[in-house]
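# Structural features, examined
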Amino acid sequence: MHDVTEILRPFWKEQDLLSGLPAGAYVDQAFWETECQTVFTRNWVCIGFAHEVTKRGEAMPVDFAGHPLVIVRNQNSEIKVFHNICRHRCIQLVSEHRVLGNLIRCPYHAWAYDLDGNLRAAPHFGGANTHITDGMDRSKYGLIEIRRHVWNDWIFVNIDGDAPAFEDYAASLWGRLDGIDWAKVKNIATLDFGEVACNWKFIMENF
């Protein structure tokens, strides 16, 4: 992650470097875009929960820091995360939380991907009734998978793929939670505050 001081420097006056966060850290669009490119893209961040996608073929779109993603449970009941974009014309693949079945199908030209992101069909791509051309290597046109780690019920992703191993990232947290029998921990309720119209740091600082 970038040095926070360097990210903040354009928003601070030099004499204020030892004060709290400047107002721009909460309201400035450029500051938010910098966070999206650094804090949220280069680190492990939780984007959802495994209990939200329990059925094979179930998919849940997530807009995360400017990245359209989709969480999918595949045929082996594994959680996968992909960029929610068709490789043909960059159309959003999944627009709502639902059970897709065996394929993720683009609503535009019906390109179809299996639940592991492999391209399975490209209807009429080579012309009328010519679905796969001789020079088309389908293995190169699968969905772009996001590095992910499911820890208990939490789904973490690392967008740029360059963060340290999740085990290293979460080592201090695991140390604090040592001794908990996770097999006995069950989700019994969800607190849903809806959409809160504020910067993410305001939520973190207050809750």
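Since this is a predicted model, take the numbers as computed values, not measurements.

### Description of the overall build of the protein chain
- Of the regular secondary structure elements, the protein chain holds 6 helices and 10 strands.
- Partitioning the intrachain contacts of the protein chain with sequence separation of at least 6 by distance along the chain shows that 47% fall at a separation of at least 24.
- Of the roughly 13,000 Å² of accessible surface on the protein chain, a fraction of 51% belongs to carbon and sulfur atoms.

### Thoughts on a nonpolar patch on the surface
- On the surface, a nonpolar cluster with roughly 550 Å² of combined accessible area is contributed by Leu 191, Phe 193, Val 196 and Phe 207.
- Positionally, Phe 207 belongs in the segment after α6 (200–206).

### A closer look at the sheet that holds strand β5 (residues 98–99)
- Pairing is antiparallel across the open sheet formed by 4 strands, whose spatial order is β4-β3-β2-β5. The strands lining the two open edges of the sheet, one partner per strand, are β4 (79–83) and β5.
- Here strand β2 (residues 58–64) pairs with β5 via 2 bridges, running antiparallel. Opposite Ala 59, over in β5, you have Arg 98 as the bridge partner.

### Description of unusual backbone geometry
- Phi angles above zero are rare outside glycine, and Ala 65 is one such case at about 50°.
- With respect to the helices and strands, the residue Ala 65 is situated in the loop between β2 and β3 (67–73).
- What makes Ala 65 buried here is its relative accessible area of 14%.
- Here the phi dihedral of Ser 77 falls at roughly 65°; this positive angle occurs in a residue that is not glycine.
- Relative to the helices and strands, Ser 77 resides in the loop between β3 and β4.
- Since its relative accessible area comes to 29%, Ser 77 is described here as partly exposed.

### Quick word on the packing of aromatic side chains
- Going through the model one piece at a time under the given rule, you end up with 13 aromatic pairs.
- With a centroid separation of 6.5 Å and an interplanar angle of 65°, the aromatic rings of Phe 156 and Tyr 169 are classed as edge-to-face. In this pair, Phe 156 is assigned in strand β10 (residues 154–158) and Tyr 169 in helix α4 (residues 166–169), connecting sequence segments 13 residues apart.
- Its relative accessible area of 8% is what places Phe 156 among the buried residues.
- Cluster of aromatic residues (ring-pair linked, three or more members): Trp 44, Trp 151, Trp 154, Phe 156, Phe 166, Tyr 169, Trp 174 and Trp 182.
- A cation over an aromatic ring shows up here: Lys 201 above the ring of Tyr 26, its NZ or CZ 5.4 Å from the ring centre.

### Remarks on the side chain of His 83
- For His 83, the position within the fold is in strand β4.
- The exposure class assigned to His 83 is buried, which follows from its relative accessible area of 19%.

### Here's the deal with helix α3 (residues 29–37)
- Those residues of α3 lying buried are Phe 31, Glu 35 and Cys 36. The arc enclosing the buried residues of α3, seen along the axis, measures out at 145°, which places them on a common side.
- Its side-chain oxygen placed 2.9 Å from the backbone nitrogen of Ala 30, Asp 28 serves as the N-cap of α3.

### Some details on the pattern of salt bridges
- Per the counting criterion, the structure on display carries 6 salt bridges.
- Note that Lys 201 is salt-bridged to Glu 35, the shortest N-O span being 2.8 Å. In this pair, Lys 201 is assigned in helix α6 and Glu 35 in helix α3, connecting sequence segments 166 residues apart.
- Lys 201 gets classed as buried once you look at its relative accessible area, which sits at 8%.
- For Lys 184, the salt bridge is made with Asp 181, and the minimal N-O distance between the two is 4.0 Å.
- The exposed category is assigned to Lys 184, whose relative accessible area is 68%.

Conventions adopted
Residues numbered from 1 in each chain as written. Predicted model: local features only at pLDDT ≥ 70, side-chain atom pairs only at ≥ 80, totals over all residues. Heavy atoms only, no water. Helix = DSSP H or I, 4+ residues; strand = E, 2+ residues; numbered from the N terminus. Contact = heavy atoms within 4.5 Å. Areas by Shrake-Rupley, 256 points an atom, 1.4 Å probe, with all protein chains shown as cover. Patch = residues over 30% accessible without salt bridge, like charges linked within 9 Å, V, L, I, M, F, W, Y side chains within 5 Å. Salt bridge = Lys/Arg side-chain N within 4 Å of Asp/Glu carboxyl O. Pairing = 2+ DSSP bridges. Buried < 20%, exposed > 50% of the residue type's maximum accessible area, 1.4 Å probe, protein only. Phe/Tyr/Trp six-rings, centres within 6.5 Å; stacked < 30°, edge-to-face > 60°. Lys NZ or Arg CZ within 6 Å of the ring centre and 35° of its normal. Arc of directions from axis to C-beta. Polar contact = N/O pair within 3.5 Å; in protein donor to acceptor, adjacent residues only side chain to side chain.

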